[in-house]
Every structure is written in structure tokens, then in C-alpha cells.
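So the chains spell out like this:
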Amino acid sequence: MILSIEWGGFFMKLILCEDYDELSSKAAQIVAEQLKAKPDSVLGLATGATPVGMYRILVQMNRKKEIDFSKVKSFNLDEYYPISDANTQSYHYFMKENLFSKIDILPENTHILNGLADDPEAECERFEEMIESSGGIDLQVLGIGQNGHIGFNEPSVTLNSKTHLTPLTESTINANSRFFERYEDVPRQALTMGMGTIFRAKKIILLASGENKNKVVSELMNSDINTSVPATMLKLHPDVTLICDKTAYMSQYLGVDIGGTEIKFGVVDSSHKLVHRESIQTNCTNEKKLIGDIADKCREIMEKYPIAHIGVGTPGIIHDNKVAAVNLPFNNTELEKKLSSYLDMPVKVSNDANCAALGEAVCGAGKSAKNIIMITIGTGIGGGIIIGGKIYQGRGNAGEIGHMCIQIGGKECSCGLRGCWERYASVSALVENAEKAAKDNVDSVLHSIYNKNGELNGKLIFEALEKKCPAAQAVFSEYLHYLAAGIDSLILIFDPDMIVLSGGITGAGDKLINPLLKYVKSDIPIKISSLKSDAGIYGAALMGE
Ligand code: PGA
């Protein structure tokens with residue numbers, strides 16, 4: 001798959017490969033094309049584990065006389081310092097072993113910085129001049145360090161433009177230690193081409209393979225240019241191709257959160273950063289059109305981001321993978337099956353409240369907790385149960401906590417039952433009781449606020465509470481009593497690490513939590529959602545992790 005990633009008007013080409021073998025052959029192909037187009041090309045070469053497969057293929061191609069290195073000049077990116085050429089860990093040794101001794105390149109045309117140079121500064125200058133006098137690098141091969149270095153240009157406040165001697169960071173020393181028997185033997189310094197030296201190459205290929213490059217590739221793609229990820233500078237080069245295998249790249253997940261008025265789409269990367277977000281209007285009347293709209297937008301996003309998985313959160317009841325939602329045209333709709341076949345990749349569907357709970361559990365208020373119950377307080381009460389970091393769905397429908405019975409034979413609920421928790425502890429219940437109290441207490445502040453606005457809502461009730469209105473206080477106390485009773489029941493059943501509350505009313509913050517804590521018997525932490533309205537897209541996306 002070939003994608004073009006735009007960054008502020010610059011384009012980085014991305015070749016996304018199935019695996020390391022494909023990456024190696026794609027990279028070798030680009031080098032071969034370069035040599036065929038210009039037999040006396042100047043190549044900038046890299047060491048490390050990543051280009052080994054590419055070198056193997058180049059050797060085979062050279063043996064089959066498909067490519068010729070006899071006129072090629074090469075300059076290597078870097079070399080440890082101090083180190084002798086004979087040391088099996090030196091890059092001199094690496095290049096000889098993996099390429100130079102196996103192809104028809106002339107030894108005098110290969111250039112690697114001298115790891116034993118008495119005067120490293122002079123050696124670096126000599127190296128720069130040689131690159132210059134050879135006409136400059138036509139094609140530079142680069143690997144990328146887990147810390148974002150290219151060559152040994154380590155993350156730093158400032159980056160060096162020219163070839164130079166540099167101390168290595170702890171992260172690089174650790175990464176390099178896999179090649180050495182003893183940690184103490186890993187060199188602490190190196191000679192490396194500078195950012196300017198690399199930048200002057202006419203064409204650059206940047207190779208990244210393996211899960212341990214996942215985070216840095218994501219940073220490269222999604223952060224602005226910064227010197228703490230030196231590879232981000234490449235975004236300003238006019239001809240860079242990133243060749244990545246799926247393990248290094250496929251770490252982005254697409255989350256879709258279907259709502260009654262809008263459908264939110266978000267791309268979440270492996271470091272749990274929301275790297276893209278957009279929304280479209282919900283077509284509430286036509287199932288085919290609604291699913292088509294979702295699929296079209298997913299496809300559009302997938303052209304820009306290589307998505308490993310798609311997760312969808314939807315309101316309603318999911319039973320046997322069929323969705324039924326009152327305010328959407330889903331009537332036993334096989335949403336998962338339909339979207340998977342439209343998009344030709346696996347799609348996972350869950351209830352939107354479950355998704356929001358998962359989002360909060362993985363990267364929101366419940367981040368440190370394994371088991372959480374999320375309670376969404378709005379027109380009704382929704383819930384999500386996260387056990388061991390995963391959504392507990394039951395047969396597909398678990399988490400309908402708003403309909404647990406809190407009062408036998410109590411108020412009638414839209415679900416057909418009586419005494420459901422949401423009839424007492426939702427915002428609608430609070431407003432209903434407050435409006436009744438306003439009418440019954442004509443001298444109250446609540447009454448005058450109600451009269452002025454023609455209605456009450458959560459915000460207006462808190463306004464009356466601020467003004468210490470006894471009528472509002474009585475309604476609120478009763479409300480908290482019911483809210484706490486439900487929370488205590490849930491805690492008794494699940495014994496979670498944390499309760500996370502969400503919904504508009506949680507905007508009141510401590511004004512809700514502090515009095516609520518007086519009613520809740522358990523001492524389990526109760527926190528307010530930190531991802532707010534994005535929790536659903538996070539959770540939907542992260543179902544694929
Ligand atoms: P690697 O090293 O290919 O061994 O992962 C890349 C680098 O550090 O630049």
C-alpha cells in the first residue's frame with residue numbers, strides 16, 4: 001500500500017509493507033532503480049538491524065548482474081567512536097560483512113568515518129568535503145532509532161548540521177547493547193553525519209520495522225517538527241519515502257461514535273493520542289444511507305491513515321450482534337457484519353456507553369484502574385462495565401444500569417418497568433422534581449429562576465443551590481440520596497477500583513462530587529470523566545487494541 005502523508009504542504013511518501021521481507025525488497029528495489037538510472041550514484045548507507053534484509057537482496061541482485069556497483073561511491077552515516085575497523089561491532093565490519101565484500105563495489109569508493117581518528121573534528125571535516133567533492137549523496141538510506149534519531153543525531157534542544165562527534169543517549173546505548181556481549185562494551189560516543197549532511201541528499205528512504213518502532217513512527221507521522229524527535233525534520237525534505245512494515249506502523253485505530261445528531265470519527269494511535277477527529281451529521285431515517293455514510297467516511301480516513309482496526313459505538317441494545325436503537329434506523333441491524341463487508345476489514349460494534357467506559361479506563365480518568373464502572377448521567381442513566389481493562393458485554397447488552405430497580409412499584413419508566421434508577425437519579429428526574437418544587441414553593445429562589453427561564457435544567461438548579469435556596473437543596477439532597485444508593489449497589493456487586501461519572505451534570509465538578517460523597521457509603525474513588533465527549537471515540541477505537 002502506498003500512501004502520501006501531507007504535512008504543512010510537504011508530502012512524505014509512505015510504502016506500507018506486510019512484513020520485513022516486503023520492506024527489504026521494496027527498499028532494495030528503490031536502490032536498484034537508482035543505480036540503473038545513474039550507475040555512478042553516490043549512496044548514503046546505514047547500519048543497524050533494519051537494512052540487513054535490503055543488503056541481502058542487493059547482494060543477490062548484484063550476483064545475478066541485475067545491478068552494478070562498480071561505479072558507485074558510498075558514504076556511511078556513522079561509526080562508533082572510539083572503535084577499530086577490526087572490531088566485529090564496528091560499522092566498518094558490519095558493512096564489509098553485509099555488503100561490501102559481497103558486491104562489486106571498489107573498496108576505495110566506500111567511505112566510513114574513522115572510529116580511531118586522532119582528531120575526530122578533522123575527520124568529520126574531511127568526510128564532509130569528500131561527500132561534497134563526490135557530487136553529493138543521490139540516495140540516502142536511513143533507519144530510525146526508538147528515540148527518533150537518524151544517524152546518531154540524538155534528541156536534543158539543538159541539532160548539529162555537520163558531521164560531528166556526539167555522545168550517545170542512554171536510550172541509544174540500551175538499544176545498541178543487544179549487539180554487544182557486555183553492557184560496559186557499548187560505545188558511549190559516535191561520529192555521525194549531521195542533519196544538514198543528511199538533508200542535502202537528493203532522495204531519502206527511511207526504513208522502520210518491528211513493534212519497537214511503533215511509537216516513534218507514530219510520533220514522526222503525527223508530531224510537528226521538533227528536535228526531540230530528530231526524524232521529524234525529514235518532513236521538510238522534498239523527497240523522503242518512509243518504508244514501514246505493519247508491525248512498525250499499524251498502530252492506528254479508527255473509532256466511530258454514532259450519536260442521534262452527529263457521528264464522530266477519531267484516529268487513535270498506539271501512544272493513545274487522538275491524531276485525527278471529525279464528524280458528520282446522522283441520517284436518522286434510512287439505515288442503508290446511515291451505514292453508507294459511515295463506511296464512506298471510514299474509507300476516506302483510511303486513505304490518509306493506515307488503520308489496523310475499526311471500532312464502532314452505537315446507542316441501543318445489541319443482541320446476537322444485531323443492533324436495535326429507538327432514535328436511529330437500526331432495527332435488528334447486523335451493523336458489524338454490514339460495515340465489515342463494506343470496508344473489507346474487521347469492525348467491532350459495541351454499545352456507546354461501553355465504549356465511553358473503555359475510553360476512560362484506558363486513557364481517561366480511570367487510567368490507573370483495571371476494573372471500573374462508568375455511569376453516564378443524562379436524560380437517562382447509561383453505564384459501562386470494564387473488567388480487567390476490557391468491556392464486559394454479557395450476551396451483548398450488559399451495563400444497562402439505569403434500569404436496575406431502586407424502588408419496587410416505583411415510577412414508570414420508558415422501558416416498561418417501574419422504579420428504574422434513572423427515574424430517580426438521571427438529570428431528567430432531577431429537573432422534573434426541581435420543577436415540581438419550584439411550583440410548590442412560590443417564594444423560593446428556585447421558583448423565580450423557573451419563572452424567569454420558563455423551565456429548569458441542571459445549570460439553573462446549581463444556580464439556585466449557589467444561592468442556598470432551601471427548596472433546591474431539598475430536591476438536590478433527595479437526588480443525591482438516590483444517585484448514591486445506585487452507586488453503592490454497583491460497588492457492592494462489582495467491587496471496582498473506581499467509579500467514573502460522565503454526562504453534562506458532571507460539569508458541576510466538586511459541587512456535585514463533594515456532596516455526593518457524603519451520601520455514598522463506600523470509599524472507592526469516584527471521579528469525573530476526563531475525556532468528556534471524546535471518550536466514546538477513544539473507546540470504540542481501542543476495542544481493537
Ligand atoms: P535498527 O537501528 O535498524 O537496529 O533498529 C536503527 C537506528 O538506530 O537508527
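Bear in mind that the values here come from a model prediction, so they are computed numbers and not experimental data. (Residues numbered from 1 in each chain as written. Predicted model: local features only at pLDDT ≥ 70, side-chain atom pairs only at ≥ 80, totals over all residues. Heavy atoms only, no water.)

### Points about the domain arrangement of the protein
How big an interface is tends to be expressed through the accessible area that disappears when the partners come together.
Piece 1. Looking at the assigned domains, one finds that the protein contains domain 1 (2-249), domain 2 (252-362) and domain 3 (370-529).
Piece 2. Inter-centroid distance (C-alpha atoms) of domain 2 to domain 3 is 28 Å.
Piece 3. Facing 15 residues of domain 2, the contacting portion of domain 3 comprises 17 residues.
Piece 4. A buried area of about 1200 Å², summed over both sides, lies between domain 2 and domain 3, and 57% of it is on carbon and sulfur atoms.
Piece 5. Linking domain 2 with domain 3 are zero salt bridges.
Piece 6. Here domain 2 and domain 3 share two residue pairs in polar contact (both at pLDDT 80 or more) between them.
Piece 7. Where the side of domain 2 that touches domain 3 is concerned, the elements lending two or more residues are strand 16 (317-319), strand 19 (347-351) and helix 11 (352-363).
Piece 8. Broken down by element, the residue count for the side of domain 2 that touches domain 3 peaks at eight residues, all from helix 11.
Piece 9. Classifying every residue of the side of domain 2 that touches domain 3 by side-chain character gives eight nonpolar, five polar and two charged. (Domains from an automatic or database assignment. Contact = heavy atoms within 4.5 Å. Buried area = accessible area lost by both parts, 1.4 Å probe. Salt bridge = Lys/Arg side-chain N within 4 Å of Asp/Glu carboxyl O. Polar contact = N/O pair within 3.5 Å; in protein donor to acceptor, adjacent residues only side chain to side chain. Helix = DSSP H or I, 4+ residues; strand = E, 2+ residues; numbered from the N terminus. Nonpolar A, V, L, I, M, F, W, Y, C, P; charged D, E, K, R; others polar.)

### Observations concerning the packing of helix 15 (residues 458-466) against helix 16 (residues 470-494)
Piece 1. For the pair helix 15 and helix 16, interaxial distance at closest approach is 8 Å and the crossing angle is 120°. Classified by the angle their axes make, helix 15 and helix 16 are oblique. With respect to the hand of their crossing, helix 15 and helix 16 are arranged in left-handed fashion. In this structure, helix 15 uses Phe 462, Ala 464 and Leu 465 to contact helix 16, whose residues at the interface are Ala 472, Gln 473 and Phe 476.
Piece 2. Across the contact of helix 15 with helix 16, the residue classes tally to five nonpolar, one polar and no charged. (Axes fitted to C-alpha atoms, helices over the stretch in contact; angles between N-to-C directions. Parallel < 35°, antiparallel > 145°, perpendicular 65-115°, else oblique. Left-handed = near helix turned anticlockwise from the far one by under 90°.)

### A short note on the site of the ligand
Piece 1. Gly 48, Ala 49, Thr 50, Gly 143, Ile 144, Gly 145, His 149, Arg 178 and Lys 213 make up every residue found near the ligand.
Piece 2. Here Lys 213 contributes a side-chain N or O atom positioned 2.5 Å from an oxygen atom of the ligand.
Piece 3. Summarising the interface, the protein chains cover 84% of the accessible area of the ligand, which totals 280 Å² for the free molecule. (Near = heavy atom within 4 Å. Areas by Shrake-Rupley, 256 points an atom, 1.4 Å probe, with all protein chains shown as cover.)

### Here's the deal with the sheet that holds strand 17 (residues 322-325)
Piece 1. Here three strands make up an open sheet; going across it, the order is 16-17-18 and the pairing antiparallel. Looking at strand neighbours, the two that pair on one side only are strand 16 and strand 18 (330-333), the edges of this open sheet. Ignoring strand direction, the axes of neighbouring strands in this sheet form an average angle of 20°.
Piece 2. Taken together, the three bridges between strand 16 and strand 17 define a ladder with antiparallel strand orientation. When the bridges of strand 17 are listed, His 319 appears paired with Lys 322. (Pairing = 2+ DSSP bridges.)

### Remarks on the sheet that holds strand 22 (residues 390-391)
Piece 1. Judged by pairing direction, the sheet is mixed, and its five strands sit side by side in the order 22-21-20-23-24 without closing on themselves. Across the chains shown, the open sheet's two edge strands, defined by having one partner strand only, are strand 22 and strand 24 (526-528).
Piece 2. Here strand 20 (residues 372-377) pairs with strand 23 (residues 498-502) via five bridges, running parallel. Looking at the pairing, Ile 373 lines up with Ile 499 of strand 23.
Piece 3. Here helix 11 sits on the sheet in contact with strand 20, strand 21 (381-387), strand 22 and strand 23, set at roughly 50° to strand 21.

### Some thoughts on the pairing of strand 23
Piece 1. Among the five residues of strand 23, five are classified as buried, and the element is accordingly described as predominantly covered.
Piece 2. In strand 23, alternate side chains face the same way, and those of Met 498, Val 500 and Ser 502 on one face and Ile 499 and Leu 501 on the other are all buried.
Piece 3. With three bridges connecting them, strand 23 and strand 24 associate as parallel partners. Bridging across to strand 24, Val 500 finds its partner in Lys 527.
Piece 4. Handedness of the β-α-β unit built from strand 23, helix 17 (residues 510-519) and strand 24 comes out right-handed. (Buried < 20%, exposed > 50% of the residue type's maximum accessible area, 1.4 Å probe, protein only. Right-handed = clockwise from strand over helix to strand, strands pointing away.)

### Some details on the nonpolar core
Piece 1. By size, the foremost hydrophobic cluster in this structure holds 69 residues, and its most contacted members are Leu 58 and Leu 242.
Piece 2. At seven residues, helix 1 (residues 20-37) tops the list of elements feeding residues into this core.
Piece 3. Counting residues in each nonpolar core, the second largest holds 47 residues, with Trp 421, Leu 465, Tyr 479 and Ala 484 among its members. (Core = buried A, V, L, I, M, F, W, Y, C linked by side-chain atoms within 4.5 Å.)

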